[in-house]
Amino acid sequence: MSVVVDQDQLFSCSLCVEVLKEPVTLPCGHSYCFGCIEGAWDQEAEEKSLSSCPQCGETFCPRPALRRNHMLAELVEKLRTPDVQRSSVSAAPLYAGPADVACDLCPESRRHKAVMSCLGCEVSYCDTHLQPHHNVTAWKKHKLVPATRAARLHHNMCSRHHKPMEVFCRTDQQFICYLCAMDEHKGHDTVSAAAEMSHRQKQLGTSQQNLQQKIQERKKEVKELREVKETLKNSAEAAVEASEQMFSEMKASVDRRHSQVKDMIRQQEKTAVSQVEDVLRQLEEDIAQLERTHAELDQLSHTDDITHFIQSVQSASSSSGPPVLPSDVVSTLSSFTQLREDVSALRDDLDLVLNTPWTHTESPADVSHPAEPQTRAELLQYSCPLSLDKNTVHDNLALSEENRKVTREKTQHPDHPKRFLLYRQVLCKEALTERCYLEVEWNEAEWVYIAVCYDDIDKHERFQSSFGFNSKSWCLRCLGDDCWFTHNGIDTKVTKPTSSTRDVNTEPTRGYPDGFTYSFTSTRVGVFLDHKAGTLSFYSVGDNTTTLLHTVHTTFTHPLYAGIGLHGPSDYTTLGSLGKNSYGALNSKTVTHTAEVCKIW
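Residues numbered from 1 in each chain as written. Predicted model: local features only at pLDDT ≥ 70, side-chain atom pairs only at ≥ 80, totals over all residues. Heavy atoms only, no water.

A closer look at the sheet that holds strand β10 (residues 167-169)
Pairing is antiparallel across the open sheet formed by three strands, whose spatial order is β11-β10-β12. Edge strands, defined here as strands with exactly one partner in the open sheet, are β11 (174-176) and β12 (190-192). Across the sheet, the axes of successive neighbouring strands diverge by a mean angle of 35°, strand direction being ignored. Sheet strands in contact with helix α7 (residues 193-300) are β10, β11 and β12, and its direction is about 90° off that of β12. (Pairing = 2+ DSSP bridges. Helix = DSSP H or I, 4+ residues; strand = E, 2+ residues; numbered from the N terminus. Axes fitted to C-alpha atoms, helices over the stretch in contact; angles between N-to-C directions. Contact = heavy atoms within 4.5 Å.)

Description of the packing of aromatic side chains
Two numbers describe a pair of aromatic rings. These are the distance of the centres and the angle of the planes. In total, this model carries nine aromatic pairs according to the counting rule given. Measuring from ring centre to ring centre gives 5.1 Å for Trp 474 and Phe 556, while their planes differ by 85°; the resulting arrangement is edge-to-face. Separated by 82 residues along the polypeptide, Trp 474 in strand β18 (residues 473-479) and Phe 556 in the loop between β24 (546-553) and β25 (560-566) bring together distant segments of the chain. For the pair formed by Trp 474 and Phe 556, the shared burial category is buried. Each member of the aromatic cluster is reached from another via a ring pair, and the members are Trp 447, Tyr 449 and Trp 484. Positioned over the ring face of Phe 420 is Lys 459, at 5.8 Å from the centre of the ring. It is Lys 493 that lies over the ring of Trp 484; its NZ or CZ is 5.1 Å from the centre. (Phe/Tyr/Trp six-rings, centres within 6.5 Å; stacked < 30°, edge-to-face > 60°. Buried < 20%, exposed > 50% of the residue type's maximum accessible area, 1.4 Å probe, protein only. Lys NZ or Arg CZ within 6 Å of the ring centre and 35° of its normal.)

Observations regarding the pattern of salt bridges
For the structure on display, the rule yields 19 salt bridges. The salt bridge partner of Arg 524 is Glu 441, with a shortest N-O separation of 3.3 Å. Of this pair, Arg 524 sits in strand β22 (residues 522-530) while Glu 441 sits in strand β16 (residues 435-443); the two residues are 83 residues apart in sequence, bridging distant segments of the chain. For Arg 524, a relative accessible area of 2% corresponds to the buried category. Residues Asp 482 and Lys 493 are paired through a salt bridge, measuring 3.9 Å at the closest nitrogen-oxygen approach. Residue Asp 482 is found in strand β19 (residues 482-487), and its partner Lys 493 is found in strand β20 (residues 490-495); the two are separated by 11 residues along the sequence. Residue classification places Lys 493 among the partly exposed residues on the basis of a relative accessible area of 48%. (Salt bridge = Lys/Arg side-chain N within 4 Å of Asp/Glu carboxyl O.)

Quick word on helix α9 (residues 327-355)
With 29 residues, α9 ought to run about 42 Å at 1.5 Å a step, and its terminal C-alpha atoms sit 42 Å apart, in line with that. Taken together, the buried positions of α9 are occupied by Val 329, Thr 332 and Leu 339. Turning to α9, the residues buried within the fold contact α7. (Expected span 1.5 Å × (residues − 1).)

What about a nonpolar patch on the surface?
On the surface, a cluster of nonpolar side chains totalling about 460 Å² of accessible area is made up of Phe 247, Met 250, Leu 350, Val 353 and Leu 354. When residues of the nonpolar patch are traced back to their parent elements, those giving at least two are α7 and α9. In terms of residues, the nonpolar patch owes the most to one element, α9, which gives three residues. Examined against the element boundaries, Val 353 turns out to sit in helix α9. (Patch = residues over 30% accessible without salt bridge, like charges linked within 9 Å, V, L, I, M, F, W, Y side chains within 5 Å. Areas by Shrake-Rupley, 256 points an atom, 1.4 Å probe, with all protein chains shown as cover.)

Focus: the sheet that holds β19
Here we have six strands laid out as an open sheet, ordered β15-β25-β17-β18-β19-β20, and antiparallel in their pairing. Each having just a single partner strand, β15 (425-427) and β20 make up the two edges of the open sheet. Across the sheet, the axes of successive neighbouring strands diverge by a mean angle of 20°, strand direction being ignored. In the sheet, β15 pairs with β25 via three bridges, with the strands oriented antiparallel. Residue Leu 427 lies in a different strand from β25, and its bridge partner there is Gly 563.

A word on the pairing of β18
With six of seven residues buried, β18 lies mostly within the body of the structure. Both strand β17 (residues 448-454) and β18 contribute to a ladder of six bridges, which runs antiparallel. Of the residues in β18, the one forming a bridge with Cys 453 is Ser 473. Sheet analysis places β18 next to β19, joined by six bridges and oriented antiparallel. Looking at β19, one finds that Leu 476 is bridged to Phe 485. Between β18 and β19, which pair antiparallel one after the other, the connecting turn spans two residues, and Gly 480 there sits at a positive phi close to 65°.

Here's what the structure looks like:
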């Protein structure tokens, strides 16, 4: 009788579940791979001092010295040699793992890995149980396919006809059996599953080539970006070093000039003081001489000698006049005053230069400029909190609501060099230097000016201090449903969406009669500024909608400030609360010529 021995049971290591490599036998009789048991004991030594057998649990102390089991090693080597005749031992199949398809005929406790699946039997077989399909004539005709997880039998059998799905319907993009191809898929574009697989493999090859090309492109981009990164670091380091050197040189120049000015002042002081001291000394000598002469004259007034009296009086009256202060002293005092003014002007110029944003050549990091916002939601992302500057507001305007609302009202403000004197205008306190968005709301009465300008705009000159009528301001002037964009005194007509509900028959004109009232709807305009890109846009704003009115492209050289001008007798303007969907209580009010108000958001 022949005996079939399972190689996995006799010659496998219980730790790695593979054929023994360099087998060693423990005192308890169990055998392991040398590397496996050594690794297990090394790990065990970290937890406890004893060494034990992983199978029977017998402990060894001290840790035994392991020696190679030559007999077992030679037997395993012979089993691995294909030329050796194994009369009593046959290779056993591997056990099925979690990712394998198991043999359907093996016992549940020891199911081996299936190598083929039979589409006719709908069963998967290991090498041992597959033998009848090679030896039995009736089973030789069955269709065998590799037993892979991707080719499980229930995925390859037609649920309707219980036939192998060996056809692919390209029309419906699904696998079918040949009966399906002759029935409900008749007339469809069908090919064999093998042909479809070949076609998909070609497509896969093309996709892999495209992916490989994209990978190479991405790697090239990564390489370029890393080079850009390194270049940026090197350039930044060089710029820092150069700026440190130049600022040190400028500081040294300022210190040197300071020292020169101080020495010059001290030298002029020394010369002038010396001249003044000379005059003082002469004056003191003159005083002493005059006092002596006064004493002599006092004595002379009591003499009876006529000749002596006349001669003495004549000599006393011929004394010289007082010493005169040199003109150099006066000019020195003037030069000190002028020097203070010159140094103050130099300081102001230096502050202006240092506080002005520096323009720079576009760096690699600035290549991709953000896209222009298209919707109100996108514009609101750049909203910036603003407040009106009380130091610039005209005397006929009053601020309220945390300086976000301006009303036409006679108010006496303290004197300030930044205050508008001729026109009812006011600026915001906050400078605009990046991307920013604001909204201005007012009643539809007469002229409302919405502007951005430089801080040094004229505040006192006629026309030059009005928004839009100089080179330092850009203004949208609104009158009802009509708008004009004005810059440097040049007007551009702007088409504004009609939203007014005023009755044209009752609309007031300039010179309102006392007590005149009328109804109106509020108007809101949005202003978007991209300082760096030189873009200024004005929008008509509705309920979550925006309509572009006008855009100007230019170059801004200094920080900008938002401004509002009220030139009608019934306006209000408000710096609005961004994000609101409606104008709320501002609609359908009745106002008089004293209710001119404007708000800004």
